[in-house]
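Structure at a glance
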Amino acid sequence: MSQREHWGSRLGFVMAAAGSAIGLGSLWRFPYIVGENGGGAFVLCYIAFTLLIATPLFIAELLIGRKTQKGAVFAYQSLTKVTSNWKMVGWLNTIACFIILGFYSVVSGWCLSYILMSLTQFTQGKNPEEIRSVFTTLASSSGINIFWLFLFIALNVAIVFSGIRKGIEKWSRILMPVLLIILFALFIYSCTLPGFSKAAKFLFYPDFANLSPSGILNALGMSFFTASVGLGIILTYGSYMKKNEDIPKTSLMVSGMTLLVSIFGALMIFPIVFTFGFSPEEGPGLVFQTLPILFAKMPGQVIISTVFFALLLFTAITSSISILEMLVANFMELYNLSREKATILCASISFLIGIPCALSFSDSLFASWKSIYGMNFFDTMNYITASWFMPISGLLTVIFVGWILKKELIQSEFTSGTSWSKLFNPWFFFVKFIAPIGIILIILDQTGIINFNAIFGK
C-alpha cells in the first residue's frame, strides 16, 4: 500500500480548509439565509453556533482523520473494529457529498456564465430591475446550465487529478488570499453607499422579534454548512495531516476566517440591497442579482465585474474540490482504484445528479416536482442535505467521539502537536453534551416532533 500523501505546510492546509469552508457557503448561501431570517439576531446565533458547536465538530473530524489516515468510510470502521455499523456514517457522508456537488456545481456554473456576461458588458443600457432579471433568464435556460455544469466539473477534475500538494494545496494557496483582497476592496466601496448604515443595523442589531425558533436552528445548520462539517470533508482533509500539526489552533484559524468572510460578504451585498430598495429576502439569486448592479455603477466595471466573478468561481472551486476529494479518497480505498479512475467516476456521478438540478428552474424535467414536494428539485437537494444529512451525520460524529471512543484515545490525539492541551476538557464537554443537544433540537424541529415556532408563538 502506498504511503498517504500529506499537506506540504500548515499554511497550505489552512488555505485549503478555509477554502472548503468559505466558498459559496459564505458568499452565496449565507447572505440570503440571513435575509430570510431577519438579520442581526440570526447573525449573532450563527457566530455563537460556529464557535461553540461547529468548531468543536470540525476539530473532532480532523482528529478522526489524522488518527486513522483514512477516508470517511474506513475511518469510523478502523477505530471501532466493527465491520458493518459505524462505517455507515461514512456512507451517509458520501451520499450527501454526491448530492451537494451536483447542485453546488450548478451554482458554480452560474459564476462561469457571469464571467462571460461581464466580458460582454451585459449590464450596459439596463436599469437595476433589468439587470436582476438576467439571472432569472439564465437559471431557466436548460442547455446553457448543463453546459456550464459540465465545464465546472471538468475544472474540478483537472485539479483533483494532481493530488493534494500539486493540486488542491497549490491552488488554494494562490486563490484564497487574492479572493480576500478583492472582497475587502469591494467591502470598502460598499461602505460609501447610502444603504450601508441600514445594512449594518440589519446585520448587527439583534432584534429577536424577527427571529423564530426555527430560524435559530437554521443558524446552527448554517454554521455546519459554512464550516463544511457533517460531510466527511474535514475528516478527509485531516487524514492528510502530519502527526505534529496543531489541530485546535488551525481549527480556530479556519473558523475565524470563515466568520470574517461570511460577515464581510454580507456587508458587501446588503448595502446594495438597501441602496436600491430591494428586499433582503431575495433567495438563492441574491449574489447574482445585486452585485452586477454595484459593478454597473463603478468605473472600469468590465474589469472589476469579471475579476470578481472569476474569484467567486475560484472560491467555489476551493470548496467543490474538497467535496470531490472526499469522494475520490473513499472510492480509492473502497474499490482499490487509481486517483485518475476514482476522480472520473465520482465526477461523472456528480454530473448526472447535477443535470436535474440544472433543469429545475425551467421545469423541463420533473415538471410536477414542485407541486408534489413543495419546492423544485434544486431546492429539494439543497434542503435535504443542509437540514437532514448534515445534522444527522454531525450528531453521529459527536456521539462517536464523545460516547463511543475511549476518552484517552481522543485526548492523546487532541494534545499531539498542540500547546493548547488545556482546551481538551472544555472541548470534550461541548462535543459530548452541548453539540448533541443542539443537533437533536434541529432534528426534532425538522421532523415536526416538536414545533418550536408554535411553542413560542412565532
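Below, the structure is looked at part by part. Here the structure is a predicted model, which is why all the values come from computation and not from measurement.

1. Topic: the overall build of the protein chain
Along the backbone of the protein chain there are 19 helices and zero strands. Taking 23 Å as the expected radius of gyration for a compact globule of 458 residues, we find that the protein chain reaches 21 Å, a close match to that expectation. Across the 458 residues in the protein chain, those meeting the buried criterion constitute 60%. Counting only contacts in the protein chain whose residues sit at least 6 apart along the sequence, the fraction spanning at least 24 positions is 82%. Just so you have it, the protein chain exposes about 17300 Å², and 66% of that area is on carbon and sulfur atoms. Averaging the locations of the 28 positively and 19 negatively charged side chains of the protein chain gives two centres separated by 9 Å.

2. Notes on the nonpolar core
One finds Phe 270, Phe 288 and Trp 427 to be the most contacted residues of the largest nonpolar core, which totals 163 residues. Counting residues per element, this core draws most heavily on helix H4 (residues 87-119), which supplies 18 residues. In contact with Trp 427, not counting residues within four places along its chain, are Pro 56, Ile 59, Ala 60, Leu 63, Val 401, Ile 410 and Phe 414.

3. A few points about the environment of Lys 198
Here Lys 198 lies in helix H8 (residues 196-204). Separated by 72 residues in the primary sequence, Lys 198 and Phe 270 have C-alpha atoms spaced 8.6 Å apart.

4. Details of the packing of helix H7 (residues 164-190) against helix H13 (residues 301-335)
Close contact between H7 and H13 brings their axes to 9 Å; oriented N to C, the two are set at 140°. As judged from the angle between their axes, H7 and H13 are oblique. Note that H7 runs across H13; the crossing there is left-handed. Here Ile 164, Ile 168, Ser 172, Leu 175, Met 176, Val 178, Leu 179, Ile 182, Leu 183 and Leu 186 of H7 lie close against H13, whose contacting residues are Ile 304, Val 307, Phe 308, Leu 311, Leu 312, Phe 314, Thr 315, Thr 318, Ile 321 and Glu 325. Split into classes, the residues belonging to the contact of H7 with H13 amount to 16 nonpolar, three polar and one charged.

5. Brief notes about unusual backbone geometry
In the Ramachandran plot, Ser 228 falls in the positive-phi region, its phi being about 60° despite a non-glycine side chain. Locating Ser 228 in the fold gives a position in the loop between helix H9 (213-227) and helix H10 (233-238). According to the relative accessible area criterion, Ser 228 is buried, its value standing at 5%.

6. Description of the pattern of salt bridges
A complete count under the given rule lists six salt bridges for this structure. Arg 66 serves as the salt-bridge partner of Glu 413, at 2.7 Å between the closest nitrogen and oxygen. Of this pair, Glu 413 sits in helix H17 (residues 407-415) while Arg 66 sits in helix H2 (residues 40-68), and the two are 347 residues apart along the sequence. Like Glu 413, the residue Arg 66 is buried in the burial classification. The shortest N-O distance in the salt bridge between Glu 325 and Arg 339 comes to 2.8 Å. Of this pair, Glu 325 sits in helix H13 while Arg 339 sits in helix H14 (residues 339-358), and the two are 14 residues apart along the sequence. Residues Glu 325 and Arg 339 agree in their burial class; the two are buried. What you see here is one network of salt bridges that share partners, running through Arg 66, Lys 243 and Glu 413.

7. Here we look at the packing of aromatic side chains
Summed over the entire model, instances satisfying the criterion amount to 41 aromatic pairs. Each ring, one from Trp 86 and one from Phe 400, has its centre 5.0 Å from the other, and the planes form 55°; the classification is tilted. In this pair, Trp 86 sits in the loop between helix H3 (72-80) and H4 while Phe 400 sits in helix H16 (residues 377-404), placing the two residues 314 residues apart along the sequence. Relative accessible area serves as the criterion here: at 0%, Phe 400 is assigned to the buried category.

8. Comments concerning the state of the cysteines
As enumerated under the stated definition, the model contains zero disulfides in all. Cysteine Cys 357 is unpaired, with the sulfur of Cys 97 as its nearest cysteine sulfur at 14 Å. Take Cys 357: its relative accessible area is 0%, and that puts it in the buried class.

9. As for the packing of H16 against helix H18 (residues 424-447)
For the pair H16 and H18, the least separation of the axes is 9 Å and the interaxial angle reads 150°. It follows that H16 is roughly antiparallel to H18 by the angle criterion. You can see that H16 and H18 cross each other, and the crossing is left-handed. A breakdown of the residues in the contact of H16 with H18 according to their chemical character gives 18 nonpolar, five polar and one charged.

10. Description of H13
Here H13 is 35 residues long and its end C-alpha atoms lie 49 Å apart, about the 51 Å a rise of 1.5 Å per residue gives. Among the 35 residues of H13, 26 are classified as buried, and the element is accordingly described as predominantly covered. Note on H13: the residue one or two positions beyond its end, Asn 336, has a positive phi of about 55°.

So, how was this worked out
- Residues numbered from 1 in each chain as written.
- Predicted model: local features only at pLDDT ≥ 70, side-chain atom pairs only at ≥ 80, totals over all residues.
- Heavy atoms only, no water.
- Helix = DSSP H or I, 4+ residues; strand = E, 2+ residues; numbered from the N terminus.
- Rg over C-alpha atoms; globule rule 2.2 N^0.38 Å.
- Buried < 20%, exposed > 50% of the residue type's maximum accessible area, 1.4 Å probe, protein only.
- Contact = heavy atoms within 4.5 Å.
- Areas by Shrake-Rupley, 256 points an atom, 1.4 Å probe, with all protein chains shown as cover.
- Lys, Arg positive; Asp, Glu negative; His and termini not counted.
- Charge placed at Lys NZ, Arg CZ, Asp CG, Glu CD.
- Core = buried A, V, L, I, M, F, W, Y, C linked by side-chain atoms within 4.5 Å.
- Axes fitted to C-alpha atoms, helices over the stretch in contact; angles between N-to-C directions.
- Parallel < 35°, antiparallel > 145°, perpendicular 65-115°, else oblique.
- Left-handed = near helix turned anticlockwise from the far one by under 90°.
- Nonpolar A, V, L, I, M, F, W, Y, C, P; charged D, E, K, R; others polar.
- Salt bridge = Lys/Arg side-chain N within 4 Å of Asp/Glu carboxyl O.
- Phe/Tyr/Trp six-rings, centres within 6.5 Å; stacked < 30°, edge-to-face > 60°.
- Disulfide = S-S within 2.5 Å.
- Expected span 1.5 Å × (residues − 1).

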